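# Residue-level structural notes
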Amino acid sequence: MMENILSILIFFPVVAAVFVMIFSKSGKFAMWSAFIASVIEFILTIPLMTNFDKGTSGMQFVERYYWIRSLNIDYYLGVDGISILMVFLTTFLSAIAILGSFTYIQKRQKEFYVSMLVLEAAMVGVFCALDFFLFYIFWEAMLIPMYLIIGVWGGQRRIYAAVKFFLYTLAGSVFMMLAIIALYFKYGSMTGEYTFDILKISAMGAQFPLGFQIIVFLAFFFGFAIKVPMFPFHTWLPDAHVEAPTAGSVILAGVLLKMGTYGFLRFCLPITPIASIKFVPLVAILSVIAIIYGGLVAMVQEDVKKLVAYSSVSHMGFVTLGIYAFNQSGIEGGILQMFNHGIITGALFLLIGLIYERTHTRLIADYGGIAAKVPVYATVFLIFTMASVALPSMGGFIGEFLVLVGAFKAFPTYAGVAALGVIVSAVYMLWMYQRVFFQSVNPNLHHLDDMTVREVFYMIPLIIVVFWTGLYPETFTSYMHESVKALVEQLNAVSVAMK
């Protein structure tokens, strides 16, 4: 089975989606079928993690078959220390998001769970694809189920949010497609072999002319910056998050945003290394702006879901800052922060959706003093609030600490300004928590039920991972050491050659 484990991980959710579509006679059957399938999918990633060789930087579990011979397009899959954590995060959050949707989704349940399973398959495919053509198919395939999840099961302004999300992402995808085509022909003209092989093109990266690298870098940068989203390409995010159903927000924040930063690591740095080095000041400035701006805008939000959405802009700024520090600490911190942000922000969106089901409001002013009514909920929310503000012993602290260490080595001034974002984060999260859970009780909230067994059940794994990452981060960073080391050595060699 290990020879084809990646194909199984990609296509098992598709098979499950077809099963749900054909055999579901009720929403309950669809709901449980999708959840069981997502749990099996997660279980399948466990042998992937345990059999991964942490001592090598190369691709593992590789599968390669001829596909379109006339264009040298292959069905080519593999994972390294960077992508394997993203596959684990995807399957882990997908199962929890589906379980968290049981009471939230009341209409077209079968179609919703089919969309979630297809989305999961496409996301896993993005992180496993080693052929540009295959990667692009998975990248675009994600748009359709997420568009439907927001547009059909979202809030009052769901159509506006879904169309905005689709258009922004599609615009970035067009630039990315042009970059892929340019690389196909440029690599072919330089070597005589026309291929979409990501590894071969990456190995050639430093030999591409500077002008060509700059054009390709900018095309990739535009596509990935929208996905992250970096300032000033972030305006689609708050609308999509606020209008999306809970599961949509969890996957959007937990996985889809990471595809932008994954793109920087997989494509921009190895394929256009000289251009990447030259654009470090621009990326660092935009990252610092995102960290501070996202935090300040989050601070003035009246809608708790929009507050967490803007906090994502700030937290993802730390990720891009770490990646473009171009050193081991910064890049590993960025990758770990990608993982941590997915867990922490995904949990916060689940908790917000949980209370929205009971109160039908997300306005901070409509709450107040609910800690006495829902003590378990208040405790769980406090855990993830502290994780979000990077409290030591929790995952968020380790990721931000490594990012700042790497950033101070590379660009101390930018790192010093970015460190202020930690303070800003504490202000808006703790102030929000105080207004929601303490102060005077809102008289309109006469009766409020605490968390059910099901709700506690799906929050426990998230709590475990948050503390596990914070107390023993080596469990996760050990996977990425060799892959990041190889990438840093490649960038250092290019940097020395430039001098």
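The structure reproduced in this document is the subject of the present report. Every chain's residues receive numbers from 1 upward, in the order its sequence appears when written. A pLDDT threshold of at least 70 governs which residues receive local features in this predicted model, and a stricter bar of 80 or more applies before side-chain atom pairs are shown or counted, although totals over entire chains, interfaces and linings include all residues. Excluding hydrogens and water, the side-chain figures rest on all heavy atoms present in the structure.

### Focus: the overall build of the chain
For helices the rule is a DSSP run of H or I covering at least 4 residues; for strands it is a run of E covering at least 2, with both sets numbered from the N terminus onward. Summing up its helical and strand segments, the chain has 20 helices and 2 strands in all. Radius of gyration here uses only the C-alpha atoms, and the compact-globule reference equals 2.2 Å multiplied by the residue count raised to the power 0.38. Compactness check: the chain gives a C-alpha radius of gyration of 22 Å against a globular reference of 23 Å for 499 residues, within 12% of the reference. For the chain, the C-alpha atoms occupy an extent of roughly 75 × 55 × 40 Å along the three principal directions. Burial classes: relative accessible area under 20% of the type maximum marks a residue as buried, over 50% as exposed, and values in between as partly exposed (1.4 Å probe, protein chains only). Taken over 499 residues, the chain has a buried fraction of 62%. Should any heavy atoms of two residues lie within 4.5 Å, those residues are considered in contact. Across the chain, the fraction of contacts at a sequence separation of at least 24, relative to all contacts at a separation of at least 6, is 81%. Looking at the chain, you have 27 positive and 26 negative side-chain charges, and the mean spots of the two groups are 6 Å apart. This count recognises Lys and Arg as positive and Asp and Glu as negative, with His and chain-terminal groups excluded. To locate a charge, the coordinates of NZ of Lys, CZ of Arg, CG of Asp or CD of Glu are taken.

### Brief notes about the side chain of serine 312
Counting through the fold element by element, serine 312 comes out in helix α14 (residues 304–323). Setting aside residues no more than four positions away along its own chain, serine 312 makes contact with Leu237, Ala253, Leu257, His341 and Thr345.

### Overview of the environment of tyrosine 160
Counting through the fold element by element, tyrosine 160 comes out in helix α7 (residues 158–191). According to the relative accessible area criterion, tyrosine 160 is partly exposed, its value standing at 42%. Along the backbone, tyrosine 160 and alanine 240 are 80 residues apart, and their C-alpha atoms lie at a distance of 8.8 Å.

### Quick look at the pattern of salt bridges
Salt bridges are counted wherever a side-chain nitrogen of Lys or Arg sits within 4 Å of a carboxyl oxygen of Asp or Glu. Using the criterion set out here, one finds 9 salt bridges in the structure. Its salt-bridge partner being aspartate 239, residue lysine 164 comes within 2.9 Å of it at the nearest N-O pair. Here aspartate 239 lies in helix α10 (residues 236–243) and lysine 164 lies in helix α7, a separation of 75 residues in the sequence. A relative accessible area of 17% places lysine 164 in the buried class. The partner of glutamate 455 in a salt bridge is arginine 454, and the shortest N-O contact between them spans 3.9 Å. Overall, glutamate 455 belongs to the buried group, its relative accessible area being 3%.

### Some thoughts on the packing of helix α11 (residues 246–271) against helix α15 (residues 328–359)
Relative to each other, α11 and α15 sit at 165°, their axes nearing to 7 Å. On the basis of the axis angle, α11 is roughly antiparallel to α15. Relative to α15, α11 is oriented so that their crossing is right-handed. Contact residues: Thr246, Ser249, Val250, Ala253, Gly254, Leu257, Lys258, Thr261, Tyr262, Leu265 and Leu269 in α11; Ile331, Ile335, Met338, His341, Gly342, Thr345, Gly346, Phe349, Leu350 and Gly353 in α15. Under the scheme applied here, ten amino acids are nonpolar (Ala, Val, Leu, Ile, Met, Phe, Trp, Tyr, Cys and Pro), four are charged (Asp, Glu, Lys and Arg), and all others, including Gly, are polar. Broken down by class, the residue content of the contact of α11 with α15 amounts to 11 nonpolar, 9 polar and 1 charged. Whenever a helix is involved, its axis is fitted only over the stretch in contact; in every case the axis is a line through C-alpha atoms, and angles between N-to-C directions fall within 0 to 180 degrees. An angle counts as roughly parallel when it lies under 35 degrees, as roughly antiparallel when it exceeds 145, as roughly perpendicular when it falls between 65 and 115, and as oblique in every other case. Crossing handedness is read from the near helix: turned anticlockwise from the far helix by less than a right angle, it gives a left-handed crossing, and turned clockwise, a right-handed one.

### Describing helix α5 (residues 132–141)
In terms of residue burial, α5 counts as a mostly covered element, since 7 of its 10 residues are buried. At the N-terminal boundary of α5, the capping side chain belongs to aspartate 131, with an oxygen 2.9 Å from the backbone nitrogen of phenylalanine 133. Any pair of N or O atoms that falls within 3.5 Å is considered a polar contact. Within protein, one atom must be able to donate a hydrogen and the other to accept it, and sequence-neighbouring residues count only if both atoms are side-chain atoms.

### Examining the packing of aromatic side chains
Working definition: a ring pair exists when centres of Phe, Tyr or Trp rings (six-membered ring for Trp) sit within 6.5 Å. Plane angles under 30 degrees give stacked, over 60 give edge-to-face, the rest tilted. Counted by the stated rule, this structure contains 49 aromatic pairs. Plain terms: the ring middles of phenylalanine 135 and tryptophan 139 are 5.5 Å apart, the flat faces sit at 35° to each other, and that makes the pair tilted. On the criterion of helical spacing, the pair formed by phenylalanine 135 and tryptophan 139 is a turn pair, its members being 4 residues apart in helix α5. Judged on exposure class, the residue phenylalanine 135 and its partner tryptophan 139 are both buried. Ring centres 5.4 Å apart and planes at 65° place the aromatic pair tyrosine 147 and phenylalanine 166 in the edge-to-face group. Taken as a pair, tyrosine 147 in helix α6 (residues 143–153) and phenylalanine 166 in helix α7 lie far apart in primary sequence, 19 residues in all. The exposure class of tyrosine 147 is partly exposed, given its relative accessible area of 31%. Two conditions define a charge sitting above a ring: the NZ of Lys or the CZ of Arg must be within 6 Å of the ring centre, and it must be within 35 degrees of the ring normal. One Lys or Arg, arginine 69, reaches over the ring of tyrosine 66 and ends 3.9 Å from the middle of that ring.

### Some details on the pairing of strand β1 (residues 60–68)
Here 6 bridges tie β1 to strand β2 (residues 73–79), and the two strands are oriented antiparallel to one another. Bridging across to β2, arginine 64 finds its partner in tyrosine 76. A pair of strands is treated as paired once DSSP finds two or more bridges between them.

### Some details on the side chain of serine 101
With respect to the secondary-structure elements, serine 101 resides in the loop between α3 (83–99) and α4 (109–128). Within polar-contact distance, the side chain of serine 101 engages the backbone oxygen of alanine 97 at 2.8 Å. In contact with serine 101, not counting residues within four places along its chain, are Phe112, Tyr113 and Ala247.

### Topic: a nonpolar patch on the surface
Note on patches: the residues involved have over 30% relative accessible area and no salt bridge, like charges join within 9 Å, and the nonpolar side chains Val, Leu, Ile, Met, Phe, Trp and Tyr join within 5 Å. Note on areas: Shrake-Rupley with a 1.4 Å probe; residue coverage comes only from the protein chains shown. Together, Phe11, Val14, Val18, Phe19, Met21, Ile22, Phe23 and Phe29 give the surface a local cluster of nonpolar side chains, amounting to about 700 Å² of exposed area. Here the element with the most residues in the nonpolar patch is helix α1 (residues 5–23); it accounts for 7 residues. For methionine 21, the position within the fold is in helix α1.

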